[in-house]
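Residue-level listing of the chains:
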Amino acid sequence: MKPLPFLSTPPNWSPATTNRRRPAVIVPLQSTTGAELAAYSSRAAATGLVDVIEWRIDPLGPRSEAILELAPQVLSAGLPVLVTLRTAGEGGAAEVTDEEYREILSRTVPELSGSADVPVALDVEIARRGADELIAHAHEHGVAVVASHHNFTATDSPADLGATFDRMAAAGADVAKIAMTPGSAHDVTTVLEATAEADARLDCSVLGISMGQLGRATRILGADFGSCATFAQLGLASAPGQIDVAELAAILDSLYG
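As recorded in an unreviewed UniProt entry, the chain goes by the name 3-dehydroquinate dehydratase, listed as coming from Brevibacterium celere. The record held by UniProt for the chain lists under Catalytic activity (unreviewed entry) the comment "3-dehydroquinate = 3-dehydroshikimate + H2O". Entered under Pathway (unreviewed entry) in the UniProt record, the comment concerning the chain runs "Metabolic intermediate biosynthesis; chorismate biosynthesis; chorismate from D-erythrose 4-phosphate and phosphoenolpyruvate: step 3/7."

The following block contains the structure:
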């Protein structure tokens, strides 16, 4: 397992920075008001269990001004922030065109990178037109990129999963992430195997998730197959099968502590 590349740096502390055997724990926040964002961000930091906040900006809609206005509420918690605009086609709330997607993220990146005292990363859906340009744009501003691909109806074939991981790495992603919906236990092992193979083959970090109750093993044991991080729930879950952060942290402590 290669580590998540945008963890806190000393003297700041988080579980994955002090124990590199342990996958990073990422908690998604989907609030749309400054007060809620500040409260949940502070709560995430106060647990001492969270390595990264994923700020889901898709509930805000195509309003980059609102995103920039609310950003200080998330950044003030002092944890690294992964900014994600999840589109409807990949399980999110954003009904935007490829052009709108690219414009929102392109405008957001320099503002966040210039104002943050903590690491800021960007999620880029690899199937979007202009994904390569967005990744390059983020890197120009010192922002790490998680390239992502989600399938909320099935699990891609092993060949397709391997090709997706390779496509992300070729585009310059710092983390290559896939999230699939399993229909059987075999689908779960397909994700684990594809993730392990990608981790061995690629220079970038990888992350493989099989969603839902059936795929929960990937959220717990993913690091054994190369996954650099896992997503946990603090309040509202952002994907099926997410585990409460305190419960997941206790399991990870027993496995990797």
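So that's the structure; there's more coming.
(A) Here's a closer look at the sheet that holds strand S8 (residues 229-233). The 9 strands are arranged S7-S6-S5-S4-S3-S2-S1-S8-S9 in an open sheet whose pairing can be described as parallel. The sheet is open, and its two edges are formed by strand S7 (205-210) and strand S9 (243-244), each paired on a single side. Two elements, strand S4 (residues 120-125) and strand S5 (residues 144-151), share 5 bridges in a ladder whose sense is parallel. The residue bridging Ala121 from the neighbouring strand is Ala144, located in S5. Each of strand S6 (175-180) and S7 touches helix H7 (residues 185-201); the most contacted strand, S7, lies at about 180° to it.

(B) Layout of the UniProt feature "active site" (unreviewed entry) in the chain. Feature annotation in UniProt assigns "active site" (unreviewed entry) to the following positions: His150 and Lys177. Across 28 residues in sequence, these annotated residues keep their C-alpha atoms within 8.5 Å of one another, forming a single compact spot. Locating His150 in the fold gives a position in strand S5. Taking the relative accessible area as the measure of exposure, His150 reaches 9% and is therefore buried. With near-sequence residues (within four places) excluded, His150 lies in contact with Arg86, Glu90, Lys177, Ala179 and Met180. Here Lys177 is to be found in strand S6. On the accessibility criterion, Lys177 (6% relative accessible area) is buried. Those residues within four positions of Lys177 in sequence are excluded, and the remaining contacts are Arg86, Val146, Ala147, Ser148, His149, His150, Met168, Leu207, Ile209 and Phe231.

(C) Geometry of the pairing of S5. Most of S5 sits inside the fold, with 8 of its 8 residues counted as buried. Along S5, one buried face is formed by Ala144, Val146, Ser148 and His150 and the opposite face, lined by Val145, Ala147, His149 and Asn151, is buried too. Remark: the S4/helix H5 (residues 131-140)/S5 crossover connection has right-handed handedness. Where S5 meets S6, 6 bridges bridge the pair, whose relative direction is parallel. Within S6, the position partnered with Asn151 by the bridge is Met180. Handedness of the crossover joining S5 and S6 through helix H6 (residues 158-170) is recorded here as right-handed.

(D) Looking closely at empty space enclosed by the protein. Going through the model one piece at a time under the given rule, you end up with 3 cavities of 30 Å³ or more. Estimates place the volume of the second largest cavity at around 30 Å³.

(E) Examining the nonpolar core more closely. In terms of nonpolar packing, the biggest core is built from 62 residues, with Val27, Trp55, Ile57, Val83, Leu122 and Phe165 touching the most fellow members. Here Val27 is in contact with Val50, Val52, Ile53, Glu54, Ala232, Leu234 and Val245, once residues within four sequence places are set aside. Counting 19 residues, the second-largest nonpolar core is a separate cluster that includes Leu4, Leu7, Ala16 and Ala179.

Definitions and cut-offs
Within any chain, residue numbers begin from 1 and follow the written order of that chain's sequence. The model is predicted, so local features are restricted to residues of pLDDT at least 70 and side-chain atom pairs to those at 80 or more, both for listing and for counting; the totals for chains, interfaces and linings are taken over all residues. In computing side-chain properties, one takes all heavy atoms of the structure into account and sets aside hydrogens as well as water. UniProt positions are given in the numbering used here, feature names are shortened, and annotations may be inferred rather than shown by experiment. Here, a strand pair is defined by DSSP locating no fewer than two bridges between the strands. Think of it this way: any DSSP run of H or I at least four residues long counts as a helix, any run of E at least two long counts as a strand, and we number them from the N terminus. Whether two residues are in contact is decided by their heavy atoms, any of which lying within 4.5 Å being enough. Here the axes come from fitting lines to C-alpha atoms, over the contacting stretch only for helices, and the angles between their N-to-C directions go from 0 to 180 degrees. The classification of residues rests on relative accessible area computed with a 1.4 Å probe and restricted to protein chains. Under 20% of the type maximum is buried, over 50% is exposed, and intermediate values are partly exposed. Orient the strands so they point away from the viewer; a crossover is then right-handed if the path from the first strand over the helix to the second runs clockwise. Grid points spaced at 1 Å over the protein atoms alone were grouped into cavities, where a 1.4 Å probe fits but cannot get out, and pockets, open sets with protein on both sides within 12 Å along at least five of seven lines, with lining residues defined by an atom within 4 Å of a point. Grid points are joined across faces, edges and corners, and a volume is the space filled by probe spheres set on the points. Here, nonpolar core refers to any group of buried Ala, Val, Leu, Ile, Met, Phe, Trp, Tyr and Cys residues whose side-chain atoms link them within 4.5 Å.

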